[in-house]
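# Examination of the molecular architecture
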Amino acid sequence: VRATLDGHADTVLTLDASACGAYLATASKDRTCRVWALDDAAEGGGTCVAVAAGHTETVGACALSRTSAGGRAAGRAFLGTAGG
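## Some details on the sheet that holds strand β4 (residues 46-52)
Overall, antiparallel pairing links the four strands, which are arranged β1-β2-β3-β4 in an open sheet. Bordering the open sheet on either side are β1 (12-17) and β4, each of which pairs with just one other strand. Averaged over all neighbouring strand pairs, the angle between strand axes comes to 25°, with direction disregarded. Relative to strand β3 (residues 33-38), strand β2 (residues 23-28) runs antiparallel, the two being bridged by five bridges. Bridge pairing in β3 places T26 opposite R34.

## A short note on the environment of A25
Residue placement: A25 occurs in strand β2. You can call A25 buried: its relative accessible area is 0%. In this structure, the C-alpha to C-alpha distance between A25 and C48, residues 23 residues apart in sequence, is 9.4 Å.

Conventions and cut-offs
Residues numbered from 1 in each chain as written. Predicted model: local features only at pLDDT ≥ 70, side-chain atom pairs only at ≥ 80, totals over all residues. Heavy atoms only, no water. Pairing = 2+ DSSP bridges. Helix = DSSP H or I, 4+ residues; strand = E, 2+ residues; numbered from the N terminus. Axes fitted to C-alpha atoms, helices over the stretch in contact; angles between N-to-C directions. Buried < 20%, exposed > 50% of the residue type's maximum accessible area, 1.4 Å probe, protein only.

Below, the structure written as structure tokens:
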């Protein structure tokens, strides 16, 4: 196990990494999607920086924007989710 991300209350179904590699989005059966700022690999974890709550069903997909310029999101980064 490279990293442990504590926060979801049920099974994580999918994940997506940002273009710069600094963030990870996870979607879960707990009806939330979370965005994590990945900490130093030596620390082995990450910090939850956002929770998309309010879905009425399992969140079956999530995606982070793919636009980047010099390793940073160009303009505002966005998160998309889809319920199942």
